[in-house]
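Next come the chains, spelled out residue by residue.
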Amino acid sequence: MQGLADGYFIVPVTVADYLAKAGQSQVPDDHVEVRKALSDVEDRTSKLLSVNGKRSPDSFHRELGQLMWDKC
């Protein structure tokens, strides 16, 4: 149990330190995964923008805040 508890606090720092020192290699813009990710983002953005809803983001924020206040 002690190992699990210690790991919970130590692993995030250790992994972040390792990744900071390991460096990153540059991924070319024409890489298959880069093109796929860009395509996915464009598709999701288009889908969200095509809804043409009548409510503002602020109205959703207020409604969510009221739900949290009432139910949580």
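Residues numbered from 1 in each chain as written. Predicted model: local features only at pLDDT ≥ 70, side-chain atom pairs only at ≥ 80, totals over all residues. Heavy atoms only, no water.

(A) A look at the overall build of the protein chain. Within the protein chain, the secondary structure is distributed over 3 helices and 0 strands. For the protein chain, the sequential pattern of α-helices and β-strands runs α-α-α. Taking 11 Å as the expected radius of gyration for a compact globule of 72 residues, we find that the protein chain reaches 21 Å, considerably beyond that expectation. The dimensions of the protein chain, computed from C-alpha atoms along their principal axes, are 50 × 45 × 15 Å. Burial analysis of the protein chain (72 residues in total) assigns 0% to the buried set. When the 9 basic and 11 acidic side-chain charges of the protein chain are each reduced to a single mean position, those positions are 8 Å apart. (Helix = DSSP H or I, 4+ residues; strand = E, 2+ residues; numbered from the N terminus. Rg over C-alpha atoms; globule rule 2.2 N^0.38 Å. Buried < 20%, exposed > 50% of the residue type's maximum accessible area, 1.4 Å probe, protein only. Lys, Arg positive; Asp, Glu negative; His and termini not counted. Charge placed at Lys NZ, Arg CZ, Asp CG, Glu CD.)

(B) Inspection of the pattern of salt bridges at higher detail. Taken as a whole, this structure holds 4 salt bridges when the rule is applied. Of the charged contacts, one joins Asp17 and Lys21 as a salt bridge, the two residues approaching to 3.4 Å between their closest N and O atoms. Taken as a pair, Asp17 and Lys21 lie in helix α1 (residues 2–22) at a separation of 4 residues, close to a single helical turn. Its salt-bridge partner being Asp40, residue Lys36 comes within 3.3 Å of it at the nearest N-O pair. Linking Lys36 with Asp40, this pair stays in helix α2 (residues 32–49), spanning 4 residues, or about one helical turn. Residue class for Lys36 comes out partly exposed when judged on its relative accessible area of 46%. (Salt bridge = Lys/Arg side-chain N within 4 Å of Asp/Glu carboxyl O.)

(C) Region of interest: the packing of aromatic side chains. Tallied over the full model, the rule gives 1 aromatic pair. Summarising the aromatic geometry, the rings of Tyr8 and Phe9 are spaced 5.1 Å apart at their centres and angled 90° between planes, so their arrangement reads as edge-to-face. The exposure classification of Tyr8 matches that of Phe9, with both residues exposed. Against the face of Phe60 rests Arg55, its NZ or CZ located 4.0 Å from the ring centre. (Phe/Tyr/Trp six-rings, centres within 6.5 Å; stacked < 30°, edge-to-face > 60°. Lys NZ or Arg CZ within 6 Å of the ring centre and 35° of its normal.)

(D) Region of interest: a nonpolar patch on the surface. On the surface, a nonpolar cluster with roughly 410 Å² of combined accessible area is contributed by Val11, Val15, Tyr18 and Leu19. Mapped onto the elements of the fold, Val15 is located in helix α1. (Patch = residues over 30% accessible without salt bridge, like charges linked within 9 Å, V, L, I, M, F, W, Y side chains within 5 Å. Areas by Shrake-Rupley, 256 points an atom, 1.4 Å probe, with all protein chains shown as cover.)

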